[in-house]
Amino acid sequence: MIQNLLDGVLTGSFLSLGAIGLTLVMHILRFANFSHAELLSIGAYAALVFDRLFEALLPVFAAAFAPLTLTGALVLALLVSMVATGASAVLIDILVFRRIRENGRELSMVFASFGMALVVRNLIGLVFGLHSQLYSPDIAFATVLSFDPLILVKPDQLFVFVAALAIMAVLHLVLTRTTFGFALRAVAENPALAQANGVNLRAMITAVWLIAGALAAAAGVFYGLSHQITPVMGRDLVLPIFAATIVGGIGSVNGALLGGFIVGIATNLSLVILPAGYTPAVPFLMILAVLLVRPNGLFGEARE
Amino acid sequence: MSDPTAPEAILEAHGVTAGYVRDLPVLHDVSVRVARQRVTVLIGPNGAGKSTLIKAVAGQVTVFAGTVTHEGTDLTRLRPDRLAAHGIAIVPQTDNVFRNLTVRQNLALASRGTGAAARLAAVFDRSPVLADKRHTKAGALSGGQRQVLAVAMALAKAPRLILMDEPSAGLSPKAAAEVLAMVRRLTAEGVSILLVEQNVKLALQMADHVYILAEGRNQVDGPAAALRGDRIVADIYLGGKRIAAA
Ligand SMILES: Nc1ncnc2c1ncn2[C@@H]1O[C@H](COP(=O)(O)OP(=O)(O)OP(=O)(O)O)[C@@H](O)[C@H]1O
Ligand SMILES: [Mg+2]
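The text that follows walks through the structure, step by step, so that each part is easy to find. (Residues numbered from 1 in each chain as written. Chains lettered and ligands numbered in written order. Predicted model: local features only at pLDDT ≥ 70, side-chain atom pairs only at ≥ 80, totals over all residues. Heavy atoms only, no water.)

## A short note on a nonpolar patch on the surface
Residue and element names in this part refer to chain A.
At step 1: Nonpolar side chains collect at one region of the surface, where Met1, Ile2, Leu6, Leu145, Val272, Ile273, Leu274 and Tyr278 lie side by side and expose about 830 Å² of accessible area between them.
At step 2: Put simply, the parts of the chain that give the nonpolar patch at least two residues each are helix H1 (2-29) and helix H10 (253-273).
At step 3: Inspection of the secondary structure assignment puts Leu145 in strand E1 (residues 143-146).
At step 4: Assessed through its relative accessible area of 55%, Leu145 is described here as exposed. (Patch = residues over 30% accessible without salt bridge, like charges linked within 9 Å, V, L, I, M, F, W, Y side chains within 5 Å. Areas by Shrake-Rupley, 256 points an atom, 1.4 Å probe, with all protein chains shown as cover. Salt bridge = Lys/Arg side-chain N within 4 Å of Asp/Glu carboxyl O. Helix = DSSP H or I, 4+ residues; strand = E, 2+ residues; numbered from the N terminus. Buried < 20%, exposed > 50% of the residue type's maximum accessible area, 1.4 Å probe, protein only.)

Right, here's the structure in full:
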C-alpha cells in the first residue's frame, strides 16, 4: 500500500510535467492536442541519441553518479533534448497546426492531432525499432526503506521526483514573477487585449510550444529512467496526461501539477484492489467522474 | 466644417469602410478627425458602429477601404500588437482588464518597456484605490474599480492618443462624471482623446468635438458647443430637450 503510494508519487512526477505542458497548449491554442504525449517519446528518444553521442565524445561524462544510474552524459542529453523537443513542437505547429488554425477550424485541429500522434509514433518505430530500450544497462539497486511491509525506492526515482519539482518551481516563478509570464497568461485569457498591450501573439505561441516541448522531454526522460523507452509510450501516456489536465482544470498550471500526482497515485493505488490489467481504465474513469461532478476540474475557471 | 483656427489633427480616419466579415462592412465611408490635446467624442445608437470604428483604428477589425493616419504615419491595417508602439492606447468597451492577473500584474504588462517602473509608480500615485488593491486579482474588483484599472492600464503606457470605448458604462452617475472629468484633465497633460460615450448629455458637456454615427455612417458632427443647441440632436437624442450651454 505504501509502496503503491510511493510509486504513484513517482508516476505523478512525469504525468505532472506532461500535463502542465498540455494544459498550457490547450489554454492558449484552445484545442485538445492528442499528439502531446508523443512529445514525451520525441524527448525520450532525442535524449537517448544525445546520451550515446556525449558518452562517445566525452568519456568523462560516461560515469554514473552513484548510487544513481544517471550519468553526466544523460543530464546533458536531457537539457539538449528539452531544447530539441521544444523545437520539434514549434516545427509541428508551423507545418500542421498553424495552417489549420489560420483557417479557423477547431475540430480539425483535434483530428489533425490524432493523425500527428500516429505519424510521430510510427516514425519513431521505423527509425529506432519497436523494441524497448534503456538509458543505462546498469541495474539500479533499490534501497530498502522497510522490510515489513516491503518498501523499495530506487535512487533514480528520488532524483526524478526532485528534478520534476525543481522544473515545476522554475516554471511557476516564470509565470508568476516575470512580465513574460504575465503576457503568456494574458494571451490565454484575452488575446485581443494582450495584443493591444503590445504582446506579439505568434511569439507567445512559439514560446508555449517551446515550454510544452521542453517539459514533455523532461517527462519522457524521467519515464524512461523509471520504466523503459518504447515507441508506444505516447500511446500509454496520453490518457493519464489528459486525465491529469482535466482533473486539475484546463488552463490551470497548479491544477495540472496536482492532477498529475492525483492520477499517478490513484492509478497505482488501484492495484491494491484491481487486477493489473484494469489500471489503464482508472484515468478514464477519473475523467468521467470529474466531468460529471466538477466539469471545470479542481482549479479551472468556467469559460466565456 | 473646416475651421482654420482648429488645432492640428493627431488622428485622421478617412473614408473608412470596415467590418468583421469579408464583403459585409459595418462601417461605410466613415471619416473622423481627432485634434491634438482635444476630446473628440463619438455618439450614436446601439449598433451604430462606434466600437467598430475604435477597433478599425486599433487594427482589430479589417479595414476594406479608406485610410487611418496617426501623427502623419499611415496606420491603416496596423498589426494590433504595434498600436502601443505608435503611442496609442485603447480602453475597450468590455473585457478590458485581465481578470486572472492581479492589479499590479495588469499594470506591469501594460507599462512594459523603457521607464516602466517609473510609469507604474506614477499610476499608483495617481490612483490610491489601485495601490491598495495591487495584489488583488482584477476579476475580484468592483465594476468601477475595474474601469479605473482599465484606464490606468492605458495611462501606464504614457500614450499620446487614447481610444476609449464607454469608460463610464455601468458606473454610478457620480463615478461616471469623475471618470469623464479625469479624461478631460488628461488633455492638459498633452494627451489626445477619442471617446465613445453613451451619455449624450455628459458627452456634449465635456467634449470639444462630437461625431454622431448611425447605421455605420457619419451623420452629424461639429463642435460640442454648437451641437448642444442643435435642434436635430436634441430631437433625436435628448427627447426634444435642449441642454443649456454649460
Ligand atoms: N465581433 C463581431 N462580429 C460580427 N459583427 C459584429 C461584431 N461586433 C459587432 N458587430 C456588429 O457590428 C455592428 C456595429 O457594432 P458596434 O459594436 O460597433 O456598435 P456600437 O455602436 O459600439 O454599439 P453599442 O452602443 O451597443 O456599443 C452591429 O451590427 C454589430 O452586430
Ligand atoms: Mg460599442
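Picking up where we left off.
## Some points on the nonpolar core
At step 1: Counting 139 residues, the largest nonpolar core has Phe222 of chain A together with Leu107 of chain B as the members making the most contacts within it.
At step 2: Element by element, the count of residues in this core is highest for helix H8 (residues 201-226) of chain A, at 16 residues.
At step 3: Discounting chain neighbours no more than four positions away, the residues touching Leu107 of chain B are Leu120, Val123, Phe124, Leu130, Leu149, Ala152, Met153 and Ala156 of chain B. (Core = buried A, V, L, I, M, F, W, Y, C linked by side-chain atoms within 4.5 Å. Contact = heavy atoms within 4.5 Å.)

## Quick notes on the sheet that holds strand E3 (residues 39-43) of chain B
Residue and element names in this part refer to chain B.
At step 1: Pairing is mixed across the open sheet formed by six strands, whose spatial order is E6-E7-E8-E3-E9-E10. The open sheet has two free edges, formed respectively by strand E6 (88-91) and strand E10 (217-223), since each of these has just one partner strand. Taking each pair of neighbouring strands and ignoring which way they run, the sheet shows an average axis angle of 15 degrees.
At step 2: As judged from the four bridges shared by E3 and strand E8 (residues 192-196), these two strands associate in the parallel manner. (Pairing = 2+ DSSP bridges. Axes fitted to C-alpha atoms, helices over the stretch in contact; angles between N-to-C directions.)

## Quick look at the sheet that holds strand E4 (residues 62-70) of chain B
Residue and element names in this part refer to chain B.
At step 1: Read across the sheet, four strands follow the order E2-E1-E4-E5 without closing on themselves; strand pairing throughout is antiparallel. Only two strands of the sheet have a single neighbouring strand rather than two, namely strand E2 (27-35) and strand E5 (73-74).
At step 2: Bridging between E4 and E5 involves two bridges; their strand directions are antiparallel. Following the sheet pairing, His70 is matched in E5 by Thr73.
At step 3: Helix H1 (residues 50-57) contacts strand E1 (9-19), E2 and E4 of the sheet and is inclined by roughly 70 degrees relative to E2.

Limitation: the analysis is restricted to geometry and does not speak to function.
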